[in-house]
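Chain residues, written in single-letter form:
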Amino acid sequence: MIMDRPKISQALPKVILAAAAFICIGWADTWDGIKAAAGKVTSVSAEFTQEKHMKILSRPLVSGGAFHFQAPNSLRWEYQYPVQSALLMHNGKTKRYIRRNGKIVEDAGASLQTMQVVLQEITLWMRGRFDENPMFSASLKPDRKIVLSPKEKALATIIQRIELILSERAGMMESVTIYEDENSFTRLEFKNVVQNRSLEASLFREF
Amino acid sequence: MKHISLHLCALCLIISCSSLPKVFPVTGSAMPAPQQDCRHVFPNGKWQFLHAIEATVPGGENRLVMGVTVISSNDRTAQCVIMTIEGLVLFDARYDQGLIINRGVPPFDSEGFAGGLINDIRLIFFMPDGPLIESGILKNGSSVCRHQNPDGRIVDIITHTDKSWELRQYSKHFRLTRTVNAFFGKRAGHSDQPGIPDRLELTAHGFPGYALAMELVEAVPLRPESRL
C-alpha cells in the first residue's frame, strides 16, 4: 500500500511523537519498569552523605558512610563519621554495632526496632518493590519521584512521608528524604554506585 | 523485717550525717579569686552542641544516642533533641521558663524523663540560679564556688589546677545527687573552641541512678540574633 504525500505528512509527526514517547519511557515511569530494572540487580554498593535538617539547627548535621545490599535481604548500612557504627541485616536478624574508644560494642536499644523497619523498607526499595509494603502506600510521581506515606497513624507520628528520587541509571536511587515532620527531615544522597559485584557474606555479619 | 529496719536506720543515719565538703578561704593575693575560674566553666552566649551520648541506665545497659543542645546563656533557654545515630528523632523539648515537649517517642515520651533531662542540661550549661554563698578552696587545693538555688539545692563549681572542672549538686539535705566531670584535650580531642570540654560525664546518684558520657562532636557558636 502506497500512501499519498498529504497522508504521509500528516502521519509522520504522529509516528515521530509516538517513537519519542516510547524512547522517553524510562525505567522509572511505571512500577513494572522499576521492578524489571531492579530485578536485574543482585548487589549494590555505594557511598552516602546524610544531612539532618531541623528548625533549631543553624546548619545541618552531616554524617556519611557506605552501604552494601545483597539480594534478597542482606544489608550493611555503615556510618564512617561522625560516629562509626553499622546496622547489619542478614537472615532476618538486625544488629547495630558501635565503635567506642577503639572497641566494638553491640547496641540493642529500643530504637533498633524502628531501624529494623527502616532497613526492611530499604531492602524492598532495592528490589524495586515500592508498592508492596504493608506499612506505606506508594505513589509514582513525575521526574522519577516516589512518595511513600505511612498507612498507620502510629507510624505517621515517627515518619510523615518518604520521598525517593530514582537515578537515571536503571535500578538505583539518587536520593532519599525522610520527613519526620515539617521541621525535621533527613536527606541521603548516594554516589560511587557499583552494581552486581560479588560481596562477601561477612560484610553482613561482622563490623 | 529486722533487716529492713536496720537498713532503714542505716539509710536515715547516712542522710542525717550528710554534710558538704569544707571550703577553706583563699590565702595570698597571688591566687586568683575562685569566682573567676567558676565563670569560665559555663559557655557564654548562644551555642549549638552535638554530642555522642553513651547512657548507662539502671541494670547496667548502655545506649548510644546523639544529642543536639542549643543554649542561650543570656535568656537561660535551652532546646534539646535526642536522636538515634542514624538521625531518627526520639525526643525534642524546649525549656524557656517552662518545659515544652515537641516530640517524644517511647520510652522518651514521659514528662519525668523530659524534666530530668532539662534539669541535667541546666546544671551542665548554665550558672546556678541561686547566689554564691561561699567560695575558696577544697582540701585537695581545687577552687570551689558554692551556690544555693531557690529550691534549696546546693551546687559546687570546682575547678582543678589542670583546668578541668567538676560540678556537684546536693539536695537541700546535703545528699550528693549529681556530679558532672569535664575533660579537655587528650581524652576526646574534638573541640577547637577554647573552654568547651571534649567530654562530659554526668552521674545521677541515688535510685534509680544513671550515667551519661557525652563526647563532643561539634560546638557551633551562634549569632546573638539567632532564634532558639
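Note that the coordinates shown come from a computational prediction; the quantities given were computed from them, not determined experimentally.

Trainee: When you look at the overall build of chain A in this model, what are you seeing that I'm missing?
Mentor: In terms of regular secondary structure, chain A is built from four helices and eleven strands. Residue burial in chain A is summarised as follows: out of 207 residues, 25% are buried.

Trainee: Just checking my understanding: could you explain the overall build of chain B for this structure?
Mentor: Within chain B, the secondary structure is distributed over three helices and twelve strands. With 228 residues in all, chain B has 35% of them scored as buried. A separation threshold of at least 6 residues defines the contact pool for chain B, and within that pool the share at least 24 residues apart is 43%.

Trainee: Sorry if this is basic, but what is going on with the interface of chain A and chain B here?
Mentor: The parts lose accessible area when they come together, and the size of an interface is often stated as this lost area. Between chain A and chain B, the contact holds 25 residues from the first and 24 residues from the second. Listed by contribution, the elements that provide at least two residues to the side of chain A that touches chain B are β1 (43–54), β5 (93–100), β6 (103–107), α3 (111–126) and β11 (184–195) of chain A.

Trainee: Is there a simple way to think about the nonpolar core in this case?
Mentor: Core analysis: the biggest nonpolar cluster contains 54 residues, and Cys-80, Val-81, Ile-82, Met-83, Leu-90, Ile-118 and Ile-157 of chain B have the highest contact counts within it. Residue contacts for Ile-157 of chain B: discarding those within four places in its chain leaves Cys-38, Val-41, Val-144, Cys-145 and Leu-167 of chain B. Counting residues in hydrophobic clusters, the runner-up holds 32 residues, among them Phe-48, Leu-88, Leu-164 and Val-176 of chain A.

Trainee: Just to check I follow, could you spell out the pairing of β5 of chain A for this structure?
Mentor: Both faces of the sheet carry side chains from a regular strand, because those side chains alternate between them. All names here are of chain A. Across six bridges, strand β4 (residues 85–90) lies against β5 in antiparallel orientation. The residue of β5 that forms the bridge with Leu-88 is Lys-95. The hairpin formed by β4 and β5 contains two residues between the paired strands, and Asn-91 there has a positive phi angle of roughly 50°. By the bridge criterion, five bridges tie β5 to β6 in an arrangement that is antiparallel. Paired with Arg-100 across the strands is Lys-103, a residue of β6. Connecting β5 to the next strand, β6, in antiparallel fashion are two residues, including Asn-101 with a positive phi near 50°.

Trainee: Is there a simple way to explain the pairing of strand β9 (residues 161–166) of chain A in this structure?
Mentor: Residues and elements named next belong to chain A. The two faces of β9 differ: Ile-162, Leu-164 and Leu-166 on one face are buried, but Arg-161, Glu-163 and Ile-165 on the other face are not. The sheet contact formed by strand β8 (residues 145–150) and β9 spans four bridges and is antiparallel. Pairing of Lys-145 across the sheet is with Ile-165, part of β9. Where β9 and strand β10 (residues 173–181) come together, six bridges link them in antiparallel fashion. Residue pairing in the sheet places Glu-163 in a bridge with Thr-177 of β10. The turn joining β9 and β10, which pair antiparallel and follow one another in sequence, is formed by six residues; a positive phi near 85° is taken by Gly-171.

Trainee: How should I be thinking about the environment of Gly-171 of chain A in this particular structure?
Mentor: Checked against the element boundaries, Gly-171 of chain A lands in the loop between β9 and β10. Not counting residues up to four positions away in its chain, the partners in contact with Gly-171 of chain A are Ala-37, Ala-38, Lys-40, Val-41 and Gln-195 of chain A.

Trainee: Honestly, the sheet that holds strand β5 (residues 98–104) of chain B in this entry has me stumped. Any pointers?
Mentor: The strands making up a sheet associate through backbone hydrogen bonding, with each pair oriented either parallel or antiparallel. Residues and elements named next belong to chain B. Pairing is antiparallel across the open sheet formed by twelve strands, whose spatial order is β5-β4-β3-β2-β1-β12-β11-β10-β9-β8-β7-β6. Single-partner strands in this sheet number two, and they are β5 and β6 (132–137). Averaged over all pairs of adjacent strands, the angle between strand axes in this sheet comes to 15°, irrespective of strand direction.

Trainee: What am I meant to see in the sheet that holds β5 of chain A here?
Mentor: All names here are of chain A. Reading across the sheet, the eleven strands line up as β6-β5-β4-β3-β2-β1-β11-β10-β9-β8-β7 and stay open at both edges, with antiparallel pairing between neighbours. The open sheet has two edge strands, β6 and β7 (136–141), and neither has a second partner. In this sheet, adjacent strand axes meet at a mean angle of 20° when their direction is disregarded. Bridging between β1 and strand β2 (residues 61–70) involves ten bridges; their strand directions are antiparallel. Counterpart to Gln-50 in the pairing with β2 is Ser-63.

Trainee: Would you mind going over the confidence of the model for chain A with me for this structure?
Mentor: Fine structural detail should not be taken from predicted coordinates in areas where pLDDT scores are low. In this model, chain A carries an average pLDDT of 83, and 86% of its residues clear a pLDDT of 70 or more. Throughout residues 15–25 of chain A the model reports pLDDT below 50, and contacts reaching past four residues in sequence, or to other chains, amount to zero contacts.

What counts and what doesn't
- Residues numbered from 1 in each chain as written.
- Chains lettered and ligands numbered in written order.
- Predicted model: local features only at pLDDT ≥ 70, side-chain atom pairs only at ≥ 80, totals over all residues.
- Helix = DSSP H or I, 4+ residues; strand = E, 2+ residues; numbered from the N terminus.
- Buried ≥ 20, exposed ≤ 12 C-beta atoms within 10 Å, placed from the backbone.
- Contact = placed C-beta atoms within 7 Å.
- Core = buried A, V, L, I, M, F, W, Y, C linked by C-beta atoms within 7 Å.
- Pairing = 2+ DSSP bridges.
- Axes fitted to C-alpha atoms, helices over the stretch in contact; angles between N-to-C directions.
- pLDDT = per-residue confidence, 0-100.

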